[in-house]
Amino acid sequence: TIRAEEDAQKAYEDFVKETNASIEAKNKDIINKSEIKAKAEGDLVEAKETKEGIVLELEQLSNYNAQLHTSCDFVLKNFDLRQTARDEEVEALRQAKAILSGAKFEEFLQEA
């Protein structure tokens, strides 16, 4: 029976060693996983901040695009009117130049 007690004692000591080694390994695993989780959470916070910045920039670009679209629509809508006004202005300047250069005014009245 002493032999049986010694065997039981040895089995118990082996079990305790294995259990302690397993606990130590699990604790190291917990620490490693906690570090990985902390890094992942930090990356998540950084990604959310980056996303917010990008969303804000996209909103600003969308607003700018709308402003440009409105401006371009105005220019296209009034292009013919503006072109006609410029042509009339150029013709008036030519007539004024001709008059000031000594041309006869009657010639211009007949053209119109």
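What you see is a predicted model; the values in this text were computed from it and never measured. (Residues numbered from 1 in each chain as written. Predicted model: local features only at pLDDT ≥ 70, side-chain atom pairs only at ≥ 80, totals over all residues. Heavy atoms only, no water.)

**Focus on the overall build of the protein**
Inference 1: Along its length, the protein carries 3 helices and 0 strands.
Inference 2: Reading the protein from its N end, one meets helices and strands in the order α-α-α.
Inference 3: Relative to its length of 112 residues, the protein is extended, with a C-alpha radius of gyration of 45 Å against a globular reference of 13 Å.
Inference 4: Taking the principal axes of the C-alpha coordinates as reference, the protein spans close to 145 × 25 × 15 Å.
Inference 5: A total of about 10,500 Å² of accessible surface is found on the protein, and carbon and sulfur atoms cover 58% of it.
Inference 6: For the protein, the distance from the average position of its 16 positive side-chain charges to the average position of its 25 negative side-chain charges is 2 Å. (Helix = DSSP H or I, 4+ residues; strand = E, 2+ residues; numbered from the N terminus. Rg over C-alpha atoms; globule rule 2.2 N^0.38 Å. Areas by Shrake-Rupley, 256 points an atom, 1.4 Å probe, with all protein chains shown as cover. Lys, Arg positive; Asp, Glu negative; His and termini not counted. Charge placed at Lys NZ, Arg CZ, Asp CG, Glu CD.)

**Brief notes about the pattern of salt bridges**
Inference 1: As enumerated under the stated definition, the model contains 7 salt bridges in all.
Inference 2: Close ionic contact of Asp43 with Lys39 constitutes a salt bridge, the shortest N to O distance being 3.2 Å. Here Asp43 and its partner Lys39 are both found in helix α1 (residues 2–77), 4 residues apart, which amounts to about one turn of the helix.
Inference 3: Judged by relative accessible area, Asp43 falls into the partly exposed class, the value being 38%.
Inference 4: Owing to a relative accessible area of 54%, Lys39 belongs among the exposed residues under this scheme.
Inference 5: Among the salt bridges present, the one from Glu91 reaches Arg94, with a minimum N-O distance of 3.9 Å. Of this pair, Glu91 and Arg94 both sit in helix α2 (residues 79–100), 3 residues apart, which is roughly one turn of the helix.
Inference 6: The class for Glu91 is partly exposed, based on a relative accessible area of 32%.
Inference 7: According to the relative accessible area criterion, Arg94 is exposed, its value standing at 55%. (Salt bridge = Lys/Arg side-chain N within 4 Å of Asp/Glu carboxyl O. Buried < 20%, exposed > 50% of the residue type's maximum accessible area, 1.4 Å probe, protein only.)

**Overview of the confidence of the model for the protein**
One rule of thumb: low pLDDT means the predicted coordinates there are not for detailed reading.
Inference 1: When the pLDDT values of the protein are averaged, the result is 91; 91% of them are 70 or greater.
Inference 2: Averaged pLDDT values for the elements of the protein fall to 59 in helix α3 (residues 105–111) and rise to 96 in α1. (pLDDT = per-residue confidence, 0-100.)

**Points about the environment of Leu56**
Inference 1: Topologically, Leu56 is positioned in helix α1.
Inference 2: Accessibility expressed as a relative area gives 47% for Leu56, which makes it partly exposed.

**Overview of a nonpolar patch on the surface**
Inference 1: Residues Ile54, Leu58 and Leu61 make up a contiguous nonpolar surface patch of roughly 290 Å² in combined accessible area.
Inference 2: Tracing the backbone through its elements, the reader meets Ile54 in helix α1.
Inference 3: For Ile54, a relative accessible area of 44% gives the class partly exposed. (Patch = residues over 30% accessible without salt bridge, like charges linked within 9 Å, V, L, I, M, F, W, Y side chains within 5 Å.)

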